[in-house]
Amino acid sequence: MKTKLSLAVTAALLSAGMLTGCSDDNESTSAATQEEAPKNNAAPMLKYIPADSPYFMATREAMPEQDAFDRYQRMQPKASIESSLDELRETLPEIDDEVMYSLMTVLIAMSEELVDVETLDDVHALGLKMNPQAALYGLGVLPVLRMQLQDEDAFRETLQRILTKADINLSTATTNDTEYWVLTPEGSVKAILAIDDQQLLVSVVPQNASDELLAQVLGNTLPDSSIGDTDALAELEKRHGFTPYGAGKIDSSRLLNELSTPTHSGTQALMEAVDAEQLDLSACQADIDRITNRFPGLVMGSRENDLDRMEMNLILETDEDIVSDLRTLTTQVPGLGSTEGMASYGLGLNMPLLVQTVQKYAQEVRQNPFSCDELQDLNSSWNEINMAINNPITMMIGQSLSGFRARINSLTMTDGEPTMTGLLTLASQNPLSLLSAASSFAPELGTLGLQPGGEAKQVESMMLPPEAPELYAAMSDTAIVLGAGISDSATLQKELEAPASERNLLVHGHITGEFYHSLADFVEQIPSDDLSASDVDMLKQYGDIYKNMEYWFRVDDAGVEMSLSLELN
C-alpha cells in the first residue's frame, strides 16, 4: 500500500473512532435508561501528556452518555443513511484516484456499520462510547491521539469488518508486549494505530522508531511530570470559564523552542526521519522572544455544553498592551450583539483609531525591524498593511464610520421575484459627516434633509432596481439607519436606540432556523445547476435542527476571542 493511500486510510479510521452512531428515529429516549456519568470522573488521558508539551487538547470529565447520544440524534439531518450510502456507492466508478477511491470505500464501510445504530446499546456493540474522554498532544512535536473505548474487543471486530469490506490489509508489529497496526509501511515515517487499555491510539512515528520512543508513544513509559500532576488543564478551564468537556492550548514559546532546539526524543527522531533541518534561531532568539511575549499562544475550549446549547471558543492570547489597544478599537453600534431578526452581521470598529493603531505598530516595526532572514516578511507585511489602510476611501469614509449592523427580517419569493425586508445601521461619531461622505456615492442621500430624531425619509434612487423594496432612512446623534421595506419612523428610531453589547465585540452575526427555511424556499424557486433537491432539503433540515447560531470576535482579557454558539430546537 502506498504511503499516501495509507494516510488517507488513517484519516478514515480516525473518523471511525469519532463517529458514534446515527439514527433516523427521533423518538426521545426514556430518562429511565439514562446512565449518568460520575460527577468527578478521573481523567485517564492526562497522565500521558507531558507537563511541558507544546500543545494539547484533552477532556477532564465526560458528559452523561445518554445526554450525548440524545443531542447527537437531535443534530442529525433526517435524511436516510441508506440514501446517503447509495449516493456514495454511485460515485465510486467515477473516482480514478487511488487514494480517494480507498478513502471512499472505507467511508462506505464505516457507514454500513452505522446503518442499524438506533440506541446507545448499538453504539456500545461497536465498541464505541458516545462521550469518550480523549486527548491530542505532543511528545515534543510528535503528535499522539488517544480516545476512550467502550469495549476494545468489540472495536477490534468493528475495525476488522471495516478493513475487510474496504479490501485493506494492515501489517502488525509488537513492542513492549503491545501490538499495533502499521498504517503506512513505506516512507520515512509511519502512522500507527493501537488498541490497549480500553483506548484507541493513533500516532505518526519514524519508520525506525526506537523501542524507547514507542514505549512513550504507546504509554508504556509515562512522562516524569504530566498535566494531570500540575492541574494545568483545570487551571486553563478556570481562567477562561471553560467546561471540563474539552480544552487545550498551543504554547508558542515551547513550540518554537522545540523546533529550534529539540529537547524531546520524539521531536529529535521525527525531524531526523524526515531530514528536516532544525530552525537555527540563534540569531533570531530576540525576535522570537519578541513575538512569543506578545502572542503567548492559542487557547481553545467550550463555555457551554449541554443538551440545548453549545459554545466553542478559540482565543489568540496577546500581551496586555495589545489587549488595551484592541479595546480602544471597539465601538458602540446600535443593536450589535442582538439576535433580533432572521439573520444579522455587524462590525464595531473605530476606523480612525484603527488607522492610528496600524500606524503605531507599523512605525514600531520600522524603528525596530525584525533582524533575522526568516522574519523579513513581517517587516514588509506591516508596510503593506499600513499603505492599504491609508487609502483615500478609508480616509474619507473611515473618519466618520465606526461600525455597522445589517439585519434581515424576512426573505420571500413573490410572483417569482425575491422580496426582502431588513435594516442597515451605520454607526458614527458624526452622522452628518457620514451622510455627507455617503452622498459622494449616492447623491440622493444628501438631498433627504435627515436630522437627528427626525422623521424617516424615503430614498428614491435610480440605482435601485424596480423590484427592490422601498428604502427609508432615519438619523440619530450616533447613527444612520436604512430600512428596506420599513417606513415606520418609530421602528427605525427604535433600531437607532437599540443598546449595544457590552462584550467588547469586534464582529457579531447570527443565523436562525427560520432563515434556513426561508432560504430553502427562496432557492427552491430559482433554477440552478449548482443546487439539487437534496441541497434544498438539507437547508430545511438545518432549519429544523438549529434554533439559532451565533458567531463573534471580541476582545477578551487574554486576547482576541473567536466563538461559535449553537442553540438547538
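Residues numbered from 1 in each chain as written. Predicted model: local features only at pLDDT ≥ 70, side-chain atom pairs only at ≥ 80, totals over all residues. Heavy atoms only, no water.

Asks: Where do I start with the overall build of the protein in this structure?
Replies: Counting secondary structure elements, the protein contains 21 helices and 19 strands. Taking all 569 residues of the protein together, the buried fraction comes to 48%. Of all intrachain contacts in the protein linking residues separated by at least 6 positions in sequence, the fraction that spans at least 24 positions is 69%. (Helix = DSSP H or I, 4+ residues; strand = E, 2+ residues; numbered from the N terminus. Buried < 20%, exposed > 50% of the residue type's maximum accessible area, 1.4 Å probe, protein only. Contact = heavy atoms within 4.5 Å.)

Asks: I would appreciate a short explanation of the confidence of the model for the protein in the present structure.
Replies: Taken as a whole, the protein shows an average pLDDT of 83; of its residues, 86% reach a score of 70 or greater. Averaged over each element, pLDDT in the protein is lowest for helix 1 (residues 3–18) (46) and highest for strand 1 (residues 55–58) (97). Note on residues 1–41: pLDDT is under 50 here. Beyond four places in sequence and across chains, it has 95 contacts. (pLDDT = per-residue confidence, 0-100.)

Asks: I tried to follow the nonpolar core on my own but got confused; where do I start?
Replies: Soluble, globular proteins show a tendency: their nonpolar side chains are buried together. With 32 residues, the main nonpolar core has Ile49, Tyr137, Leu142, Val217 and Leu233 as its most contacted residues. When contributions to this core are tallied by element, the ones reaching two or more residues are strand 1, strand 2 (134–139), strand 3 (142–148), strand 5 (178–182), strand 6 (189–196), strand 7 (199–206), helix 7 (211–218) and helix 9 (232–240). The biggest single contributor to this core is helix 7, with four residues. Val217 has contacts with Leu139, Leu142, Val144, Arg146, Ile192, Leu201, Ser203 and Val205, leaving out every residue within four places of it along the chain. (Core = buried A, V, L, I, M, F, W, Y, C linked by side-chain atoms within 4.5 Å.)

Asks: I would appreciate a short explanation of the state of the cysteines in the present structure.
Replies: The bond known as a disulfide is covalent and runs between the sulfur atoms of two cysteines. Counted under the stated rule, the structure contains one disulfide. What pairs with Cys284 in a disulfide is Cys372, and their sulfur atoms sit 2.3 Å apart. What sets the handedness of the Cys284 and Cys372 disulfide is the S-S torsion sign, and at about 130° it is right-handed. With Cys284 in the loop between helix 11 (265–273) and helix 12 (285–294) and Cys372 in the loop between helix 14 (351–367) and helix 15 (376–389), the pair connects residues that are 88 residues apart, well separated along the chain. Looking at Cys284, the relative accessible area reads 2%, which means it is buried. (Disulfide = S-S within 2.5 Å.)

Asks: Is there a simple way to explain the packing of helix 10 (residues 252–260) against helix 12 in this structure?
Replies: The description of two packed helices rests on the angle between their axes and on the distance between the axes. Where helix 10 contacts helix 12, the axes come no closer than 9 Å and their chain directions differ by 155°. Between helix 10 and helix 12, the crossing angle belongs to the class labelled roughly antiparallel. Seen from above, helix 10 lies across helix 12 with right-handed handedness. Contact with helix 10, carried on its side by Ser252, Ser253, Leu256 and Asn257, involves Gln285, Ile288 and Thr292 of helix 12 and no other residues of that element. Classifying every residue of the contact of helix 10 with helix 12 by side-chain character gives two nonpolar, five polar and no charged. (Axes fitted to C-alpha atoms, helices over the stretch in contact; angles between N-to-C directions. Parallel < 35°, antiparallel > 145°, perpendicular 65-115°, else oblique. Left-handed = near helix turned anticlockwise from the far one by under 90°. Nonpolar A, V, L, I, M, F, W, Y, C, P; charged D, E, K, R; others polar.)

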